[in-house]
Amino acid sequence: MTKINTRKPPCVDFGVFKIYCDSFRATAKTALTEIPAVSSNTVTTQKNRHSTHLFITGRICNEEQPMFISGVVNNMHGTSGISITYRDLKFTGCTICGYTAEDRGGDFITVTVELATLAGVQFLDGESS
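Since this is a predicted model, take the numbers as computed values, not measurements.

Some words on the packing of aromatic side chains
- Enumeration over the complete set of coordinates arrives at three aromatic pairs.
- Each ring, one from Phe14 and one from Phe17, has its centre 4.8 Å from the other, and the planes form 10°; the classification is stacked.
- The exposure class of Phe17 is buried, given its relative accessible area of 4%.
- When the ring of Phe24 is compared with that of Phe91, the centres are 6.1 Å apart and the planes differ by 35°; the resulting orientation is tilted. Placement of the pair is Phe24 in strand E2 (residues 18-27) and Phe91 in strand E7 (residues 89-103), with a sequence separation of 67 residues.
- Judged by relative accessible area, which is 5%, Phe91 ranks as buried.
- By the ring-pair criterion, three or more aromatic residues cluster together here, those being Phe24, Tyr86 and Phe91.

What follows is the structure, given as structure tokens:
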């Protein structure tokens, strides 16, 4: 039987603010160029790796200025060079591609940030942030 555990949401540091991450998703894709060969088999002639996209959804607490972070993310939108650490993975050279910020009337705002990077993931050997 699987043991059910509860865990505190990991904190993702964006430098100016932190998101208490409720959901993390990473997607990556490689485009393959395929052509038919004389033998009726398909041959792959080129592989093109696309950027890795990260989707981080979580809570930001800022009771004095609840929507302040939305403005900060808006100003960071499109900049590159952000490093993100999620648990024991580090993603460098990230660009913010999009975000949503929602005030649901609580003590925090809910934010989803989409980032993209061409860099490979770094493994932090058990370190966690």
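Looking at unusual backbone geometry
- In this structure, Ser40 takes a positive phi of about 75° despite not being glycine.
- In this structure, Arg87 is a non-glycine residue whose phi angle is positive, near 55°.
- Locating Arg87 in the fold gives a position in the loop between strand E6 (82-86) and E7.
- Arg87 sits in the partly exposed class, given a relative accessible area of 40%.

What about the pairing of strand E5 (residues 52-61)?
- The sheet contact formed by E2 and E5 spans seven bridges and is antiparallel. Residue pairing across strands places Ala26 opposite Leu54, the latter belonging to E5.
- Across 10 bridges, E5 lies against strand E8 (residues 108-117) in antiparallel orientation. Each residue of the ladder has a partner; that of Thr57, found in E8, is Thr112.

Examining helix H1 (residues 68-76)
- Listing the buried residues of H1 in full gives Ile69, Ser70, Val72, Val73 and Met76. Projection of H1 onto a plane perpendicular to its axis shows the buried side chains occupying an angular sector of 160°, all on one side.
- Of the surrounding secondary structure, the elements contacted by the buried residues of H1 are E5, E6, E7 and E8.
- Just downstream of H1, Gly78 is the residue with a positive phi angle, here 95°.

Thoughts on the side chain of Thr110
- The topology assignment puts Thr110 in strand E8.
- For Thr110, a relative accessible area of 12% corresponds to the buried category.
- Among all residues touching Thr110, those that are not within four sequence positions of it are Thr57, Gly58, Thr100, Ala101, Glu102 and Arg104.

So, the state of the cysteines
- For the structure shown, the criterion picks out zero disulfides.
- The thiol sulfur of Cys11 is not disulfide-bonded, and the nearest other cysteine sulfur, from Cys21, lies at 9.4 Å.
- The cysteine Cys94 is free of any disulfide, with Cys97 supplying the nearest cysteine sulfur at 9.2 Å.
- By relative accessible area, Cys94 is classed as buried at 0%.

Conventions we followed
Residues numbered from 1 in each chain as written. Predicted model: local features only at pLDDT ≥ 70, side-chain atom pairs only at ≥ 80, totals over all residues. Heavy atoms only, no water. Phe/Tyr/Trp six-rings, centres within 6.5 Å; stacked < 30°, edge-to-face > 60°. Buried < 20%, exposed > 50% of the residue type's maximum accessible area, 1.4 Å probe, protein only. Helix = DSSP H or I, 4+ residues; strand = E, 2+ residues; numbered from the N terminus. Pairing = 2+ DSSP bridges. Arc of directions from axis to C-beta. Contact = heavy atoms within 4.5 Å. Disulfide = S-S within 2.5 Å.

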